[in-house]
Amino acid sequence: MIHSLFLINASGDIFLEKHWKSVVSRSVCDYFFEAQERATEPENVPPVIPTPHHYLISVLRHHIYFVAVIQSEVPPLFVIEFLHRVVDTFQDYFGVCTEAAIKDNVVVVYELLEEMLDNGFPLATESNILKELIKPPTILRTMVNTITGSTNVGEQLPTGQLSVVPWRRTGVKYTNNEAYFDVVEEIDAIIDKSGSTITAEIQGVIDACVKLTGMPDLTLSFMNPRLLDDVSFHPCVRFKRWEAERILSFIPPDGNFRLLSYHVSSQNLVAIPVYVKHNITFREGSSQGRFDLTLGPKQTMGKAVESVLVSSQLPRGVLNANLNPSQGTYTFDPVTKLLTWDVGKINPQKLPSLKGTMSLQAGASKPDENPTINIQFKIQQMAISGLKVNRLDMYGEKYKPFKGIKYMTKAGKFQICPYNTPFTGFSLTVLTNQIHVFR
Amino acid sequence: NAEEIISFIKQAADSQITVLLVAFWVFGGFHAVKYIFIMFSSHRHDDLKEMLDSNKDSLKLEAMKRIVAMIARGKNASDLFPAVVKNVACKNIEVKKLVYVYLVRYAEEQQDLALLSISTFQRGLKDPNQLIRASALRVLSSIRVTIIVPIMMLAIKEAASDMSPYVRKTAAHAIPKLYSLDPEQKDQLIEVIEKLLADKTTLVAGSVVMAFEEVCPERIDLIHKNYRKLCNLLIDVEEWGQVVIINMLTRYARTQFLNPNINESLLEEGGSGDKTFYGSDEDEDEDEEEKEKKPYVMDPDHRLLLRNTKPLLQSRNAAVVMAVAQLYFHLAPKAEVGVIAKALVRLLRSHSEVQYVVLQNVATMSIKRRGMFEPYLKSFYIRSTDPTQIKVLKLEVLTNLANETNISTILREFQTYIKSMDKDFVAATIQAIGRCATNISEVRDTCLNGLVQLLSNRDELVVAESVVVIKKLLQMQPEKHSDIIKHMAKLTDNIQVPMARASILWLIGEYCEHVPKIAPDVLRKMAKSFTNEEDIVKLQIINLAAKLYLTNSKQTKLLTQYVLNLAKYDQNYDIRDRARFIRQLIVPTEKSGALSKYAKKLFLALKPAPVLESPFKDRDHFQLGSLSHLLNAKAGGYQELPDWPEAAPDPSVRNVEVKESVRAVGTVTHRDTGALWGPQRMEGSEKEERKHQRKSKPRKSESESESDEDEESESESSQSESEDSESEAEVKKKKKVQTRVNYRESAQQQGASKTIIRFKKAGFSFLSNAHRSLGVFLQTIAPSSALKSYELLHRITGEGLSVEYCFSRQPFSPDANMVAVQMQFTNSASSDTKNLHIEDVKLQSGMRVKEFPEIELLPAGETATAVMGIDFCDSTQAANFQLCTHTRKFFVSIQPPVGELMRPVFLTENEFKKEQGQLMGMNEITEKLTLDVKCRNEHAIVQRVTTAANLSRVPCGSDKECRFAGRTVTSGSLVLVTVATKEEGAAQLTVNCEKMVIGTMLVKDILQALTQ
């Protein structure tokens, strides 16, 4: 399956290679560099590149390309999913997945890759098993290791691989037993200029941090499970139980994991927590444009909208922007024409606004593009879909754990679109007028 | 090289050589240093060698870490091989692991030295610890040295029959390694694969199918016997294995089952009406007719596969979801394929690479099954933040999904896309509009007008793309749009993009009759700028000139001559050729042959309008989700997805003989019992684990008693005989199980007549002490419910002799078709009773009785039991006979309740559903009822039903339903009972039975049992 793996940084250096079968020369990456050159943006490099003897399947994460070399037919998603799992594991181990972190921990990286694949076929990809095999480097452990000469490799043999609950390591012990769940929802929305919603969807995840002794068996139930339209589970969740009772029943892995991802369908009415009023105008012949943008809260159930960040790609003709924010700071990059405004918290009494003028290239015709505005925000202590966890019960162990649940709503891909007119642009009347002009 | 030298100097920094080197550098220059470097290079890694040779593990570790870092960077470290390989037996586990990494990397280059390490691994293969055995095999098989092929082969064979499933898994992994090293071993390896395919553990399943796919994907016959097992294990296999198994089973199913959509047209009806059917229309029709003669019935195994893969659509692993999606797309009946859409749409929120692959597949699917994705139209709307390649794919899907009803919203979306700053994407959008226009005639004009409007766009690329698309659209109905052609003619003054100019010229030439005034003028302008045009434009100018010459030679003769003369001296020989050819063809000379007569026909022939097709059309002949599909080219090692067979091959090849094997018993995957993906599924796999689980398992809220649970697990273990379940246990455990099985078998053989059963309080059945000492609870046959006893002879009528009987629910061993009736004789008279026996049996036809052996003496005050067998012929007719003592004869009769005319059978949930599906209509009786107040929990229902009828419980995923199954004693017809509970004691009772009389009576009895 997976023959070799090359890690390539943003400047095109291969800084790590690993081969699971016989060695493939790194010159195979030249095809990748070629494709990279053809693609204007880094994310436009095709994930699958055929070469005369191999196929390259790559993913881009944290500005590093993970390029897998394949020799024969394999489902591309299999490789892509695996590569992402590798990145997740690195992130889990080193906190970040950067070139520096990988280079600093090259031996651990190598040991991990060795365990994760055997002859190119995934072997152990569960973080709990891997952690039993190879302990993650911490500052303390690094210090102890340098002094005592002990190692990062687990002394015990990996019993986890034999276990029937492969995602959970055995013999877990904590003095404080705690289970925390974060319900994080993201709103993806496209909103037109008048403020009406074109599409809106809620994507949610429940991330868990479970530190419980022994083999606890948890059940988590919701007040309103019907909200969940489509779900995908961590393998620990018992599917049938969910089907029958809409209850999540599972033996959790140890540590952090994503229990559930869900989707609240667009059929349900999605509350949009912010609104934007904007007026961006250019006048024909003038080298000035007016910019006026105001933000306000909407349907937030009394919770504060925080960490608001507005960004917009201004038309190419704009040379500079001279704006005046009522709060926060803004930046305009004259090269990429990207305007970002870090608003911070929205005060409902005094709505944040950004007003001013834009200077246009002299002589350029009036820019036609009405820019799309992207907004990011966070709302604490609220799940916008209204999803509520009812209770969490633990069976199988005697102690009383600390339980905690946190809700948060974020903007996902939240866009304000330029158009607000229904489909009239392609109407015939306009056309005939034009034809008359031509005659 | 200089870099290496410098690093060498750095390494040598602490030694005195540095001083020397620097001195050389200063006096002798670079070449002098280089010379020294070459001299020393053989000793380049001396410090590392020294560290490796030291006694301290920490030094060795440090050295190994540095070496591994070198390998990771792609630096050559092969000269350290002898020093490293010595440490293969090092005690320190991390050193050992790093040595393995090194060894696997360089063994191929240093074959002889690598052999030194082999003995270590051979020793490891014999280690009592399974993990050490596994890792030894793993490394050994990774060493690519041909000389050890026989050793590897032996090791794999041995490991394939190892007790530990983990070692067997490793063996499966080793198979493709050996195969790639020496393909000659194929036959032997197939034997190992065959053996491992029969393995019943989830751990092995994924790996061995992987090996199967790499070594012998053509040997589909190896799968037959394991098909059902693989289907059943699938959900518990680790995610990567699932992908491989699902893909393989898709191929398998295509060879073994019939096309479920055989009776439907392959193309989706509606919308595709414009598209022409190619060629084989008639053949298809014939096929359909043939097939319609015998209606399609889905093979239960086909259904099994579809059912067992469906939950995996909820997997977090995108590859698994995709695998199931393609399985459904290729195998499911059309009505059921829809379920995959939601899951695929979910994947669109994943990383962009995942989106890319999923969208490619959705694009292919959306051509064939458009309806499936229509509800999710909005999920394919494009965001400005999407990468271009994703945008283009989404556009493709949107275009495929467009139909009369949604086209206006789609066009509105497209309209905003045109404003995007991403020009490639804008161009793709314009083409998409063109495709919508060709496919949906209703919006053709709107689209065309919209595109014409784009002609006045400021961006030239947009205009050019529009021109190209308009040209294609106009070809469909040119006569209606001469004003647009005029409009386009005007554009030639401004537009510079060659393709667009060429398109305009072609249009004018083709439809010069519609624009008779403008066309010559355009030619005039073009003639003027001819020399500065691009080649494709020049060709079209010549083309235009020729066409005009033929239609309007008066005005354009000179111009044409002029253009042809210019072309005659062009640099490009294509253009020169074209000019020469056209001149000969259109300008009549004496020499010009017969062809010039046809010039007009040649140039102004009616040309068919181009079909704007999706590039994803017909891509589904590749298995979806595969690399080949993505690239639209066959990748190495791709296995073709076979066409459905005309007639289904024999389905019995998949039957597995019910083996009374010990291995099969004892462990069950709990898939069917409701605990999916959960810990209970492994209850069986490890006995210790099981105990542990039992302890830690949450008490169910229903007051399910311990015995009930036992019963359940017990019944499951016997169910595992029919349904292949995995069993893996150490020998000790096996023995334990074996005793259990043996016990049960012997109990059955002995028959109820020999089993000593004493009655205590209300007839609870207990086991003899002897049996209890075995630690086994005889639950399988007799449920824990009470046995009801009936009076055969009253004490008064019997003159002191009273006889009670009950249906012991034990199999009657002398004749399996008989119901065992247990009789208890009590002599309450003052005198002994002798010669107790049966006489003068009066029976309905077909009924038979096996009398109990005569009881010679029943002393006063004593009790005796005996068992007789009666074959009631599955009816509730009474068996009449005389009970004789040495003095008297009593006429008695035994009339069985209908519930006693059956014996329990063990079905899995799947089998139950399958069977139930076959007993519909007349054979199904449904009653609504309100449950007795005391009988509203599962336990009570189970107890009452099993008391009323001799049925066994069928495991069920939902706790709202209780299912029971049995067979009638004589004819063996299935009796299936379902009690589905609803709110507030409402319930529905369903009985499925081939024998309607039995069914009706059973409904009455159970109804009574549940309501009172």
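One can find the structure itself at the top, above this paragraph.
What you are looking at is a predicted structure, and each value in this text was computed from that prediction instead of being measured.

Thresholds applied
- Residues numbered from 1 in each chain as written.
- Chains lettered and ligands numbered in written order.
- Predicted model: local features only at pLDDT ≥ 70, side-chain atom pairs only at ≥ 80, totals over all residues.
- Heavy atoms only, no water.
- Helix = DSSP H or I, 4+ residues; strand = E, 2+ residues; numbered from the N terminus.
- Buried < 20%, exposed > 50% of the residue type's maximum accessible area, 1.4 Å probe, protein only.
- Contact = heavy atoms within 4.5 Å.
- Pairing = 2+ DSSP bridges.
- Axes fitted to C-alpha atoms, helices over the stretch in contact; angles between N-to-C directions.
- 1 Å grid on protein atoms, 1.4 Å probe; cavity = no way out; pocket = protein on both sides within 12 Å on 5 of 7 lines; lining within 4 Å.
- Points joined across faces, edges and corners; volume = space filled by probe spheres on them.
- Nonpolar A, V, L, I, M, F, W, Y, C, P; charged D, E, K, R; others polar.
- Salt bridge = Lys/Arg side-chain N within 4 Å of Asp/Glu carboxyl O.
- Polar contact = N/O pair within 3.5 Å; in protein donor to acceptor, adjacent residues only side chain to side chain.
- Parallel < 35°, antiparallel > 145°, perpendicular 65-115°, else oblique.
- Left-handed = near helix turned anticlockwise from the far one by under 90°.
- Arc of directions from axis to C-beta.
- Phe/Tyr/Trp six-rings, centres within 6.5 Å; stacked < 30°, edge-to-face > 60°.
- Lys NZ or Arg CZ within 6 Å of the ring centre and 35° of its normal.

Caption draft 1: Geometry of the overall build of chain A. Helices and strands together make up the secondary structure of chain A, namely eight helices and 23 strands. The burial tally for chain A puts 56% of its 439 residues in the buried class. Taking contacts inside chain A between residues at least 6 apart in sequence as the whole, the part at least 24 apart equals 68%.

Caption draft 2: Quick peek at the sheet that holds strand 5 (residues 819-827) of chain B. All names here are of chain B. The strand order across the open sheet formed by five strands is 3-4-5-9-7, and the pairing between neighbours is antiparallel. Across the chains shown, the open sheet's two edge strands, defined by having one partner strand only, are strand 3 (789-793) and strand 7 (848-850). Averaged over neighbouring strand pairs, the angle between their axes works out to 30° when direction is ignored. Pairing geometry for strand 4 (residues 801-811) and strand 5, over eight bridges, is antiparallel. The residue of strand 5 that forms the bridge with Leu801 is Asn827.

Caption draft 3: Examining empty space enclosed by the protein more closely. Tallying each qualifying case throughout the model produces seven cavities of 30 Å³ or more. Around the largest cavity, the lining comprises 16 residues; the ones closest to its centre are A:Glu201, B:Arg349, B:Ser379, B:Arg383 and B:Lys394. Ranked by residues supplied to the lining of the largest cavity, first place goes to strand 9 (residues 197-211) of chain A with three residues. Residue composition of the lining of the largest cavity, by class: four nonpolar, four polar and eight charged.

Caption draft 4: Spatial organisation of unusual backbone geometry. Residues and elements named next belong to chain B. For Asp618, which is not glycine, the phi torsion reads 65° and is therefore positive. Here Asp618 shows up in the loop between helix 33 (599-603) and helix 34 (627-631). Look at Cys873: it is not a glycine, yet its phi comes out positive at around 55°. Tracing the sequence through the fold places Cys873 in the loop between strand 9 (863-871) and strand 10 (879-884). What makes Cys873 partly exposed here is its relative accessible area of 31%.

Caption draft 5: Local environment of the sheet that holds strand 6 (residues 833-842) of chain B. Residues and elements named next belong to chain B. Within the open sheet, the four strands sit side by side as 8-6-10-11. Their pairing is antiparallel. In this open sheet, the two edge strands, each paired with only one partner strand, are strand 8 (855-858) and strand 11 (889-894). Within the sheet, the average angular offset between the axes of one strand and its neighbour, ignoring direction, is 35°. Where strand 6 meets strand 10, four bridges bridge the pair, whose relative direction is antiparallel. For Ile838, the partnering residue across the bridge sits in strand 10 and is Leu883.

Caption draft 6: View of the environment of B:Pro498. Residue and element names in this part refer to chain B. Assignment of secondary structure puts Pro498 in helix 28 (residues 498-510). Counting along the chain gives 38 residues from Pro498 to Ile536, while the straight-line C-alpha distance between them is 7.0 Å. Not counting residues within four places of it along the chain, the set of residues in contact with Pro498 comprises Glu534, Ile536 and Val537.

Caption draft 7: Summary view of the interface of chain A and chain B. Opposite the 118 residues of chain A that make contact, chain B presents 121 residues. Across the contact surface, chain A and chain B share eight salt bridges. Across the pair B:Lys97 and A:Glu115 runs a salt bridge whose closest N-O atoms are separated by 3.4 Å. Connecting chain A to chain B are 30 residue pairs in polar contact (both at pLDDT 80 or more).

Caption draft 8: Region of interest: the pattern of salt bridges. Tallying each qualifying case throughout the model produces 54 salt bridges over all chains. With a closest N to O distance of 2.7 Å, A:Lys18 and A:Glu114 form a salt bridge. Note that A:Lys18 is positioned in strand 2 (residues 14-19) and A:Glu114 in helix 4 (residues 106-116), a separation of 96 residues in sequence. Overall, the relative accessible area of 18% leaves A:Glu114 in the buried class. Residue B:Lys126 pairs with B:Glu158 through a salt bridge whose shortest N-O separation is 3.5 Å. Of this pair, B:Lys126 sits in the loop between helix 7 (111-125) and helix 8 (130-142) while B:Glu158 sits in helix 9 (residues 149-160); the two residues are 32 residues apart in sequence, bridging distant segments of the chain. Residue B:Lys126 is classed as exposed on the basis of its relative accessible area of 62%. On the accessibility criterion, B:Glu158 (45% relative accessible area) is partly exposed.

Caption draft 9: The packing of helix 24 (residues 423-439) of chain B against helix 26 (residues 460-474) of chain B, seen in detail. All names here are of chain B. Here helix 24 crosses helix 26 at 20°, and the two axes come no closer than 9 Å. Comparing the axis directions of helix 24 and helix 26 gives the class roughly parallel. With respect to the hand of their crossing, helix 24 and helix 26 are arranged in right-handed fashion. The segment helix 24 lies against helix 26, with Lys423, Val426, Ala427, Ile430, Gln431, Gly434, Ala437 and Thr438 engaging Leu461, Val462, Glu465, Ser466, Val469 and Leu473. Within the contact of helix 24 with helix 26, the residues separate by chemical class into eight nonpolar, four polar and two charged.

Caption draft 10: Spatial organisation of the pairing of strand 21 (residues 373-380) of chain A. All names here are of chain A. Going residue by residue along strand 21, you find Ile373, Ile375, Phe377 and Ile379 tucked away on one face and Asn374, Gln376, Lys378 and Gln380 left uncovered on the opposite face. Bridge count between strand 16 (residues 305-313) and strand 21: six bridges; the pairing is antiparallel. Opposite Ser311, over in strand 21, you have Asn374 as the bridge partner. As defined by bridge partners, strand 21 adjoins strand 23 (residues 402-416) across five bridges and the pair is classed as antiparallel. Paired with Ile379 across the strands is Thr409, a residue of strand 23.

Caption draft 11: Expanded view of the side chain of B:Thr120. Residues and elements named next belong to chain B. On the secondary structure map, Thr120 appears in helix 7. Residue Thr120 is classed as buried on the basis of its relative accessible area, which comes to 15%. With residues up to four places along the chain from it excluded, the contact list for Thr120 reads Val88 and Ala89.

Caption draft 12: Representation of helix 3 (residues 46-53) of chain B in the model. All names here are of chain B. Three or more residues of helix 3 are buried, namely Leu48, Met51 and Leu52. Within helix 3, the buried residues cover an arc of 100° as seen down the axis, which keeps them to one side. In this fold, the buried residues of helix 3 make contact with helix 4 (57-72) and helix 5 (81-85).

Caption draft 13: Local environment of the packing of aromatic side chains. Enumeration according to the criterion identifies 26 aromatic pairs over all chains in this entry. Judged by centre distance (6.2 Å) and plane angle (65°), the ring pair of A:Tyr93 and A:Phe94 falls under edge-to-face. Per residue, the accessibility class of A:Tyr93 equals that of A:Phe94, and both read buried. With a centroid separation of 6.0 Å and an interplanar angle of 45°, the aromatic rings of B:Phe414 and B:Tyr417 are classed as tilted. With B:Phe414 and B:Tyr417 both in helix 23 (residues 407-417) and three residues apart, this pair spans about one turn of that helix. B:Tyr417 matches B:Phe414 in its accessibility class, with the two residues each being buried. Above the ring of A:Tyr407, the side-chain terminus of A:Lys388 is found at 5.8 Å from the ring centroid.

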